Amino acid sequence: MTERHDDEHAVRAVLDEVVAPLLQLAGGDAELVEVSADAVTIRLLGQAAHGPGAALLREDVVGAAIGPLCAGRRLAFEQGGPSPARRAATRSAGEPE
């Protein structure tokens, strides 16, 4: 396995087991977009992307947990739409996405 693959596995594990559950409590979520040679890119969803505490969640939750795993890469963020739980609730209620 390559170092980048190992780093991706470590980032995904922390994201899935630590970060996402915390963000979900605040109405948000996060998903790994890419681990490249120079960056680790995380997509923030729902309140983690657009809520009033988004900057705090990005820096103090995601940055604190994922930053040490970046191995010299920068930590980059993308903003997505609503969290998956919100999208599912919207679809089941018959609202347009």
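Structure shown above.
This one's a predicted model, so the numbers in the text were calculated from it and none came from an experiment.

1. Re the pattern of salt bridges
Between side chains of opposite charge, a pair can form as their charged atoms come close.
In step 1: Under the definition given, this model contains five salt bridges.
In step 2: The partner of R12 in a salt bridge is E8, with the nearest N and O atoms 3.2 Å apart. Taken together, the residues span about one helical turn, with R12 and E8 both in helix α1 (residues 3–25) at a distance of four residues.
In step 3: Given the relative accessible area of 27%, E8 is considered partly exposed.
In step 4: Residue R43 pairs with E31 through a salt bridge whose shortest N-O separation is 2.7 Å.

2. Examining α1
In step 1: Along its 23 residues, α1 runs 32 Å from first to last C-alpha, staying within 8% of the 33 Å computed at 1.5 Å per residue.
In step 2: Along α1, the sharpest kink reaches roughly 40 degrees, centred on L15.
In step 3: Inspection of α1 places D7, V11, L15, V19, A20 and L23 among the buried residues, and these make up the whole buried set.
In step 4: Where the residues of α1 are buried, they touch β1 (28–35), β2 (39–46), α2 (47–50) and α3 (54–66).
In step 5: Just past α1, the residue G27 takes up positive phi, approximately 85 degrees.

Thresholds, definitions, all that
- Every chain begins its residue count from 1, and numbering advances along the sequence as written.
- Per-residue local features of the predicted model are confined to residues with pLDDT of at least 70, and side-chain atom pairs are confined, for both listing and counting, to 80 or more; whole-chain, interface and lining totals are unaffected and use all residues.
- For side-chain calculations, the full set of non-hydrogen atoms in the structure is used, while hydrogens and water are omitted.
- By definition here, a salt bridge exists when the distance from a side-chain nitrogen of Lys or Arg to a carboxyl oxygen of Asp or Glu is within 4 Å.
- The way it works is that DSSP assigns letters per residue, a run of H or I at least four long becomes a helix, a run of E at least two long becomes a strand, and they are numbered from the N terminus.
- Here's how the labels work: a residue is buried when its accessible area is under 20% of the maximum for its type, exposed when over 50%, partly exposed in between, all with a 1.4 Å probe on protein chains only.
- For a helix, the expected span equals 1.5 Å multiplied by the number of residues minus one.
- We define the bend at each residue as the angle formed by axes fitted to the 7 residues ending at it and the 7 residues starting at it.
- Here, two residues are considered to be in contact whenever any of their heavy atoms come within 4.5 Å of each other.

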